Amino acid sequence: MWNDKGNALPETLLTLVITLTIFGTLLPALQMMKGTLSDKKMAMYAAETAYQASQRVEQGEQLQGSRTIESVIYQWYFMNNEVCVFYENLKGQQQKCIRP
């Protein structure tokens, strides 16, 4: 069964099936990569917050505080000679601690 351009219906259907299969397998991998990238970005913001907080602690300005980046609240505390930053992501409550 040929059309005016010379392509058969089975060839067209086969092309569509192959294309949908490729995109169907790539979409979950893309979602997983996007989630991993988001987690790493939040961890980087937490490390940056901890660094800035440690500078404030060393200067004697503050012993606790918070910072909001992209609607995520990063709360930090100075305890046991460490600056710990707490934040919430899709995996739940996360913590990042550094020694000033």
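Structure first, text after, so check above.
Residues numbered from 1 in each chain as written. Predicted model: local features only at pLDDT ≥ 70, side-chain atom pairs only at ≥ 80, totals over all residues. Heavy atoms only, no water.

J.: Please give an account of the side chain of serine 54 that cites residues and values.
T.: Topologically, serine 54 is positioned in helix 1 (residues 9-58). Judged by relative accessible area, which is 6%, serine 54 ranks as buried. Here tyrosine 51 takes part through its backbone oxygen, which lies 2.6 Å from a polar atom of the side chain of serine 54. (Helix = DSSP H or I, 4+ residues; strand = E, 2+ residues; numbered from the N terminus. Buried < 20%, exposed > 50% of the residue type's maximum accessible area, 1.4 Å probe, protein only. Polar contact = N/O pair within 3.5 Å; in protein donor to acceptor, adjacent residues only side chain to side chain.)

J.: Quick one: what's the story with helix 1, residue by residue and with numbers?
T.: Its 50 residues place the ends of helix 1 73 Å apart at the C-alpha level, agreeing with the 74 Å of an ideal helix rising 1.5 Å per residue. Burial in helix 1 covers these residues: Asp39, Met42, Tyr45, Ala46, Thr49, Ala50, Ala53, Ser54 and Val57. Looking at the packing, one finds that the buried side of helix 1 touches strand 1 (64-69), strand 2 (72-79), strand 3 (82-89) and strand 4 (92-98). Glycine 60, located one to two residues past helix 1, shows a positive phi value of around 80 degrees. (Expected span 1.5 Å × (residues − 1). Contact = heavy atoms within 4.5 Å.)

J.: How would you sum up the packing of aromatic side chains? Please name residues and give values.
T.: Scanning the model with the defined rule gives three aromatic pairs in all. When the centroid spacing of 6.5 Å and the interplanar angle of 75 degrees are considered together, the rings of tyrosine 45 and tyrosine 74 count as edge-to-face. A residue pair is termed long-range when its members are at least 10 positions apart, and tyrosine 45 in helix 1 and tyrosine 74 in strand 2 qualify at 29 residues. Under the relative-accessibility criterion, tyrosine 45 is labelled buried at 16%. With a centroid separation of 5.3 Å and an interplanar angle of 40 degrees, the aromatic rings of tyrosine 74 and tyrosine 87 are classed as tilted. Here tyrosine 74, found in strand 2, pairs with tyrosine 87, found in strand 3; they are 13 residues apart in sequence, far enough to count as distant. What links up through ring pairs into an aromatic cluster is the set Tyr45, Tyr74 and Tyr87. (Phe/Tyr/Trp six-rings, centres within 6.5 Å; stacked < 30°, edge-to-face > 60°.)

J.: Outline a nonpolar patch on the surface, listing residues and values.
T.: A cluster of nonpolar residues, Leu14, Ile18, Ile22 and Leu26, forms a patch on the protein surface that exposes about 380 Å² of accessible area. Relative to the helices and strands, isoleucine 22 is located in helix 1. You can call isoleucine 22 partly exposed: its relative accessible area is 44%. (Patch = residues over 30% accessible without salt bridge, like charges linked within 9 Å, V, L, I, M, F, W, Y side chains within 5 Å. Areas by Shrake-Rupley, 256 points an atom, 1.4 Å probe, with all protein chains shown as cover. Salt bridge = Lys/Arg side-chain N within 4 Å of Asp/Glu carboxyl O.)

J.: How would you summarise the sheet that holds strand 3 if you had to cite specific residues and measurements?
T.: Reading across the sheet, the four strands line up as 1-2-3-4 and stay open at both edges, with antiparallel pairing between neighbours. With one partner strand each, in any of the chains shown, strand 1 and strand 4 form the two edges of the open sheet. Averaged over all pairs of adjacent strands, the angle between their axes in this sheet comes to 20 degrees, without regard to strand direction. In this structure, strand 1 lies alongside strand 2, joined through six bridges in antiparallel fashion. Bridge pairing in strand 2 links isoleucine 69 to valine 72. The strands touched by helix 1 within the sheet are strand 1, strand 2, strand 3 and strand 4, with strand 3 carrying the most contacts at an inclination of about 150 degrees. (Pairing = 2+ DSSP bridges. Axes fitted to C-alpha atoms, helices over the stretch in contact; angles between N-to-C directions.)

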